[in-house]
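Below, each chain spelled out in residue letters.
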Amino acid sequence: MKTSIRTTAIMLFAASLLSVCTNSMAQTGNMQREDGKTSLVQAVYGMGTNFSLLSGMGFSFKEHFSHSQFSYMLTGYVWKDHAGATYDFGLEVQYDIYIKDLTRFYVLAGASQFYNGTRENQFDPASGQWNLMQETNHLDGPTRLGAGIGFETALNDAIGFYATLALTSFQPSGDLQMMPSTGLMVYFK
């Protein structure tokens, strides 16, 4: 019974995603020129994946505003099991420098918070029991801030692939590194 419900849910999700994709345009499509710059006529939304140490890793939501060069992306991920928890959430703001039918270049600024913790169990020989110790974050720089450049290209009418390169500050450790990132978005209106 559980397998049947799971299979039905997956099929329903796939059919919904397919119907959205067939009626949508990539972020670089459906544009017009105004004031010497190319901009999107309608707001474009996207859902996909982001793999960035600056703005987060996991599932993403993106909105590109109509008649504007600005867009933002929210990213998040959560995993918890008996050994501990891992999560992150982030925000990236983008400003288009160049946008055409199939490509766009942009500058970006982002911030995120990462957590990777494990539960430490300690054996007490006097009582013969395991005592659960407090879970702590093992990352030296869990807060990330930075800025960089990005490139996005339309793979078809609804799917976009992007790559970025950002100077990222890991806080509170103070490390400063140039970090690449990538992701895929399925766009809809």
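Predicted, not measured: the structure shown is a model, and the values here were computed from it.

Trainee: So what's going on with the overall build of the protein chain? Which residues, and what values?
Mentor: What the protein chain contains, in helices and strands, is 1 helix and 13 strands. Counted from the first residue to the last, the protein chain has its helices and strands arranged as α-β-β-β-β-β-β-β-β-β-β-β-β-β. For the protein chain, buried positions account for 34% of its 189 residues. Within the protein chain, residue pairs in contact and separated by at least 24 positions form 51% of the contacts whose partners lie at least 6 positions apart. If you sum the accessible surface of the protein chain, you get close to 11000 Å²; carbon and sulfur atoms cover 65% of it.

Trainee: So what's going on with the pairing of strand S8 (residues 121-124)? Residues and values would help.
Mentor: Looking along a regular strand, one sees the side chains alternate between the two faces of the sheet. Sheet analysis places S8 next to strand S9 (residues 129-132), joined by 4 bridges and oriented antiparallel. Of the residues in S9, the one forming a bridge with Asp124 is Gln129. Between S8 and S9, which pair antiparallel in sequence order, lie 4 residues; one of them, Gly128, sits at a positive phi of approximately 75°.

Trainee: I'd love a proper account of the nonpolar core, names of residues and values included.
Mentor: Within the largest apolar cluster, 9 residues are counted, these being Val44, Leu54, Met73, Tyr106, Leu108, Tyr162, Ala166, Met185 and Tyr187. Non-local contacts of Leu54, meaning those with residues more than four positions away in its chain, are made with Leu108, Gly110, Ala111, Ser112, Arg144, Leu145, Gly146, Ala147, Ala166 and Thr168.

Trainee: Provide a residue-level description of the side chain of Ser169, including the pertinent values.
Mentor: As for its position among the elements, Ser169 is in strand S12 (residues 159-171). For Ser169, a relative accessible area of 15% puts it in the buried group.

Trainee: Which residues make up the environment of Gly150, and what values do they have?
Mentor: Here Gly150 is to be found in strand S11 (residues 143-154). Those residues within four positions of Gly150 in sequence are excluded, and the remaining contacts are Arg104, Phe105, Tyr106, Leu108, Ala163 and Thr164.

Trainee: Describe the packing of aromatic side chains, with residues and values.
Mentor: Per the counting criterion, the structure on display carries 9 aromatic pairs. Residues Tyr98 and Phe105 carry aromatic rings whose centres are separated by 6.1 Å and whose planes lie at 50° to one another, so their mutual orientation is tilted. Residue classification places Phe105 among the partly exposed positions, given a relative accessible area of 40%. An aromatic cluster is built from Tyr45, Phe61, Phe65, Tyr72 and Phe188, whose rings are joined through pairwise contacts. Of note, Lys62 hangs over the ring of Tyr162, and the distance from its end group to the ring centre comes to 5.1 Å.

Trainee: Residue-level account of the confidence of the model for the protein chain, with values.
Mentor: Caution applies to low-pLDDT regions: their predicted coordinates should not be interpreted in detail. For the protein chain, per-residue confidence averages 82 on the pLDDT scale, and 78% of positions sit at 70 or higher. Overall, residues 20-25 carries pLDDT values under 50, and its contacts beyond four positions in sequence, including any with other chains, amount to 13 contacts. With pLDDT under 50 throughout, residues 29-34 is counted as low confidence; its partners more than four residues away or in other chains account for 23 contacts.

Trainee: Residue-level account of a nonpolar patch on the surface, with values.
Mentor: Residues Ile97, Tyr98, Phe105, Val107, Ile149, Leu165, Leu167, Leu176 and Met178 make up a contiguous nonpolar surface patch of roughly 850 Å² in combined accessible area. Elements with a contribution of two residues or more to the nonpolar patch: strand S6 (84-99), strand S7 (103-118), S12 and strand S13 (175-188). Residue position: Leu165 is located in strand S12.

Trainee: Hey, could you go over the side chain of Ser60 for me, with residue numbers and the actual values?
Mentor: Locating Ser60 in the fold gives a position in strand S4 (residues 56-64). Among the polar contacts listed, one links the side chain of Ser60 to the side chain of Thr75, at a separation of 2.8 Å. Ignoring anything within four residues of it in the chain, the contact list for Ser60 reads Gly46, Met47, Gly48, Thr49, Asn50, Met73, Leu74, Thr75 and Met185.

Trainee: Could you give an account of the pattern of salt bridges, with specific residues and numbers?
Mentor: Enumeration according to the criterion identifies 3 salt bridges in this entry. Here Glu152 ties to Lys62 by a salt bridge, and the two come within 3.5 Å at their closest N and O atoms. Placement of Glu152 in strand S11 and of Lys62 in strand S4 is noted, with a sequence separation of 90 residues between them. A relative accessible area of 2% places Glu152 in the buried class. Residue classification places Lys62 among the buried positions, given a relative accessible area of 0%.

Conventions and cut-offs
- Residues numbered from 1 in each chain as written.
- Predicted model: local features only at pLDDT ≥ 70, side-chain atom pairs only at ≥ 80, totals over all residues.
- Heavy atoms only, no water.
- Helix = DSSP H or I, 4+ residues; strand = E, 2+ residues; numbered from the N terminus.
- Buried < 20%, exposed > 50% of the residue type's maximum accessible area, 1.4 Å probe, protein only.
- Contact = heavy atoms within 4.5 Å.
- Areas by Shrake-Rupley, 256 points an atom, 1.4 Å probe, with all protein chains shown as cover.
- Pairing = 2+ DSSP bridges.
- Core = buried A, V, L, I, M, F, W, Y, C linked by side-chain atoms within 4.5 Å.
- Phe/Tyr/Trp six-rings, centres within 6.5 Å; stacked < 30°, edge-to-face > 60°.
- Lys NZ or Arg CZ within 6 Å of the ring centre and 35° of its normal.
- pLDDT = per-residue confidence, 0-100.
- Patch = residues over 30% accessible without salt bridge, like charges linked within 9 Å, V, L, I, M, F, W, Y side chains within 5 Å.
- Salt bridge = Lys/Arg side-chain N within 4 Å of Asp/Glu carboxyl O.
- Polar contact = N/O pair within 3.5 Å; in protein donor to acceptor, adjacent residues only side chain to side chain.

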